[in-house]
Amino acid sequence: MSEYIIDGTESLGIEFGSTRIKAVLIDKDFNPIATGSYNWENKLENGIWTYSLDDVWSGLQEAYANLNNDVLLKFGVKIKMLSSIGFSAMMHGYLPFDKNGNQLVPFRTWRNTITADSAQRLTELFNFNIPQRWSIAHLYQAVLNKEEHINDISFLTTLAGYVHWQLSGEKVVGIGEASGMFPIDSTTNDYDAKMMQQFDNLSEIAQLSWNLSDVLPKVLQAGESAGNLTEEGALLIDPTGELNSGAVMCPPEGDAGTGMVATNSVRVTTGNVSAGTSIFSMIVLEKMLSKVYEEIDMVTTPSGKPVAMVHCNNCCTDLDYWASLFIEFSKLAGSKATKPQIYDMLYNAALTGDKDCGGLVSFNYFSGEPVTKLDSGRPLFARSENSNFNLSNFMRTQIYSTMAALKIGMEILEHENVSIDSLIGHGGLFKTEIVGQKLMAGAMNTPVAVMETAGEGGAWGIAILAKYVADSSNESLEDYLDNNVFSRYKSSVIEPDKQDVKGFADYMKLYKKALAVEKSAVENI
């Protein structure tokens, strides 16, 4: 293997997730052969959820250094050359720059729910759902707010697009990432031209010095070259100077797109659920939905096929806090159980709970949840005086709370008779075997599969997209994944249990009633 690393035949994928920057190196057979990571957290500054761009680069360099050390430990050599590189990150958000490349305002992430006015106006203008976290909603809200930087905007991009630009000099994004910035026309695989003109014609926009086409990045599809790693870019990744420039780069994609690739759910009627800090489902559609739904985002696969996305801002954060409480108690009790063991015990306890959680209900809202029409969140656990309060029901409630808002959005797709062969689960919720998978199957009333590659996640997905470019394959992305990547990997499938389906439906009745309590908590706490 060392000779292949010396020859630079590997592909590198790096993804900037909500809590971790992860790097994955894959060989010619798509196997992950080395990994590296760096933990980071968003910060709430002046009412804005953000990450510092300085942390972007220090985190990237640390993750790559850790990857390189893993390579050295396993193969006795360090990386000098790479065949291809891909970068992915949290979708959406707002990163505007002036003509000199200076950042104009702190990065506004997907987690912010501060664009309700602009999102509603644009949804009505386009007759197309514009979620609050989309880049165009942030841009228009800044215009409506008359923010000082608006006239100075020369380029607007996402986190993945920014990193790619700095490393290659190319102002581009993959089509899946672009579909979280502005609506895409799947007949042209580009921004919707009619909607762009409608936006430019708005009175507040018409008086500015730029048009939308001037500031948005160019749209590329999976398989297209998005430039090459420059000498300056190589130094940004590896300040030691050992990494050579020249590697071909694939279009930068969002975590939704790389999740679809990593789970082989880019073909029509396939779908996946990503469950980590946030939770979202992606269903590749046979046909467009009959009307506009504010709960459903219309995005695309990395090759441009239309996708119905149900995105919820909150998933495992509150669950992790509760688990940490039990971990803290176990230490006080003198237990030698490890953190993974405690997680597994708590998750497995949920399987023995009442199917409807025994009258317990929980809201995992650390931030606003647009699907349930809340601009802010308050983590909340509630029960009646005669509920069946025990550990198994408590843990089942916490896991159900990660899926409940998603279910509200998925119910719309059920009513639209959207075909879903199965959902493929990935992310932290599925780390403990069977539990998250089984409960998700019952909650969504559809088979849920988990692949043996699920733990590699989006960094592996963007590495595959990088290799897809390097291979210059004539196959479609769907066939490339089927024939070259996933034919060698196994997956396990759990069918929905009828009792779980009924139990979750009963839980949802209480959850929907208790939304009034959550709303009151937001207003009063």
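Residues numbered from 1 in each chain as written. Predicted model: local features only at pLDDT ≥ 70, side-chain atom pairs only at ≥ 80, totals over all residues. Heavy atoms only, no water.

A few words now on the nonpolar core. By size, the foremost hydrophobic cluster in this structure holds 133 residues, and its most contacted members are Leu-139, Tyr-191, Phe-199, Leu-429 and Tyr-511. Among the elements that take part in this core, helix 14 (residues 391-415) stands out by supplying 12 residues, more than any other. With residues near it in sequence (within four places) discarded, Leu-139 still touches Tyr-94, Ile-150, Ile-153, Leu-156, Phe-199, Trp-210 and Leu-212. (Core = buried A, V, L, I, M, F, W, Y, C linked by side-chain atoms within 4.5 Å. Buried < 20%, exposed > 50% of the residue type's maximum accessible area, 1.4 Å probe, protein only. Helix = DSSP H or I, 4+ residues; strand = E, 2+ residues; numbered from the N terminus. Contact = heavy atoms within 4.5 Å.)

Turning our attention to the pattern of salt bridges. Going through the model one piece at a time under the given rule, you end up with 19 salt bridges. Salt-bridge contacts for Asp-500 lead to Lys-438; the nearest nitrogen and oxygen are separated by 2.4 Å. One end of the pair, Asp-500, is in helix 18 (residues 498-524); the other, Lys-438, is in helix 15 (residues 435-444), with 62 residues separating them in the sequence. Overall, the relative accessible area of 1% leaves Asp-500 in the buried class. Several salt bridges converge on common partners, so that one network encompasses Lys-355, Arg-396, Lys-438 and Asp-500. (Salt bridge = Lys/Arg side-chain N within 4 Å of Asp/Glu carboxyl O.)

What follows covers the side chain of Asp-200. With respect to the helices, strands and loops of the structure, Asp-200 is situated in helix 7 (residues 193-201). This buried residue, Asp-200, is left without a salt bridge; Lys-194 holds the nearest opposite charge, at 15 Å. Only 2.9 Å separates the side chain of Asp-200 from the backbone nitrogen of Leu-212, close enough to count as a polar contact. With sequence-adjacent residues up to four places away left out, Asp-200 is seen in contact with Ile-205, Ala-206, Asn-211 and Leu-212. (Lys, Arg positive; Asp, Glu negative; His and termini not counted. Polar contact = N/O pair within 3.5 Å; in protein donor to acceptor, adjacent residues only side chain to side chain.)

Below, the discussion takes up unusual backbone geometry. Apart from glycine, the bulk of residues carry a negative phi angle, and the bulk of peptide bonds sit in the trans form. Positive phi outside glycine occurs at Ile-434, with the angle close to 75 degrees. By relative accessible area, which is 45% here, Ile-434 ends up partly exposed. Even without glycine at this site, Asn-445 takes up a positive phi of about 55 degrees.

Turning our eyes to something else, we now look at the sheet that holds strand 21 (residues 423-426). In space, the 7 strands of this open sheet follow the order 17-18-16-15-21-22-23, with mixed pairing throughout. Of all the strands in the sheet, just strand 17 (297-300) and strand 23 (491-494) have a single pairing partner and so form its edges. On average, adjacent strands in this sheet sit at an angle of 30 degrees to one another, irrespective of strand direction. Relative to strand 18 (residues 306-312), strand 16 (residues 279-284) runs antiparallel, the two being bridged by 6 bridges. Across the sheet, Val-284 pairs through a bridge with Val-307, a residue of strand 18. (Pairing = 2+ DSSP bridges. Axes fitted to C-alpha atoms, helices over the stretch in contact; angles between N-to-C directions.)

Now for the packing of helix 3 (residues 116-126) against helix 7. The contact between helix 3 and helix 7 brings their axes to 10 Å, and the two run at 125 degrees. By the angle class used here, helix 3 and helix 7 are oblique. When you trace helix 3 past helix 7, the crossing you get is right-handed. Of the residues in helix 7, those in contact with Leu-122, Leu-125 and Phe-126 of helix 3 are Met-195, Gln-198 and Phe-199. Considering only residue class, the contact of helix 3 with helix 7 consists of 5 nonpolar, 1 polar and no charged. (Parallel < 35°, antiparallel > 145°, perpendicular 65-115°, else oblique. Left-handed = near helix turned anticlockwise from the far one by under 90°. Nonpolar A, V, L, I, M, F, W, Y, C, P; charged D, E, K, R; others polar.)

What follows covers helix 14. Taking 1.5 Å of rise per residue, the 25 residues of helix 14 would be expected to cover 36 Å, and the 35 Å separating its terminal C-alpha atoms lies within 8% of that figure. Counting buried residues in helix 14 gives 22 out of 25 residues, a clear majority hidden from the surface. Just downstream of helix 14, Asn-417 is the residue with a positive phi angle, here 55 degrees. (Expected span 1.5 Å × (residues − 1).)

Below, the discussion takes up the layout of surface pockets. In this structure, the second largest pocket spans a volume of roughly 380 Å³. For the second largest pocket, the lining is made up of 18 residues, of which Ala-119, Gln-132, Glu-294, Pro-370 and Lys-373 are closest to its centre. For the lining of the second largest pocket, the element with the highest residue contribution is helix 3, accounting for 4 residues. Looking at the lining of the second largest pocket residue by residue, the class counts come to 7 nonpolar, 5 polar and 6 charged. (1 Å grid on protein atoms, 1.4 Å probe; cavity = no way out; pocket = protein on both sides within 12 Å on 5 of 7 lines; lining within 4 Å. Points joined across faces, edges and corners; volume = space filled by probe spheres on them.)

Residues Arg-20, Lys-331, Lys-339 and Lys-431 make up a contiguous surface patch of positive charge. With respect to the helices and strands, Lys-331 occurs in helix 12 (residues 317-332). With relative accessibility at 64%, the residue Lys-331 sits in the exposed group. (Patch = residues over 30% accessible without salt bridge, like charges linked within 9 Å, V, L, I, M, F, W, Y side chains within 5 Å. Areas by Shrake-Rupley, 256 points an atom, 1.4 Å probe, with all protein chains shown as cover. Charge placed at Lys NZ, Arg CZ, Asp CG, Glu CD.)

As a further point, take helix 11 (residues 255-262). Most of helix 11 sits inside the fold, with 7 of its 8 residues counted as buried. Those residues of helix 11 that sit buried are Ala-256, Gly-257, Thr-258, Gly-259, Met-260, Val-261 and Ala-262. With its phi angle positive at about 50 degrees, Asn-264 sits one or two positions after the end of helix 11.

A few words now on the pairing of strand 1 (residues 11-16). Of all 6 residues in strand 1, 6 are buried; the element is thus mostly enclosed. Taking every second residue as pointing to the same face, both faces of strand 1 are buried, with Ser-11, Gly-13 and Glu-15 on one and Leu-12, Ile-14 and Phe-16 on the other. Taken together, the 6 bridges between strand 1 and strand 6 (residues 84-89) define a ladder with parallel strand orientation. Bridging from a neighbouring strand, Leu-12 pairs with Ile-85 of strand 6. Where strand 1 and strand 2 (residues 20-26) come together, 6 bridges link them in antiparallel fashion. Considered in strand 2, the bridge of Leu-12 is made with Leu-25.

Note that Asp-185 resides in strand 10 (residues 184-185). In this structure, the C-alpha to C-alpha distance between Asp-185 and Met-410, residues 225 residues apart in sequence, is 23 Å. The residues touching Asp-185, leaving out its near neighbours within four places in the chain, are Asp-190, Tyr-191 and Asp-192.

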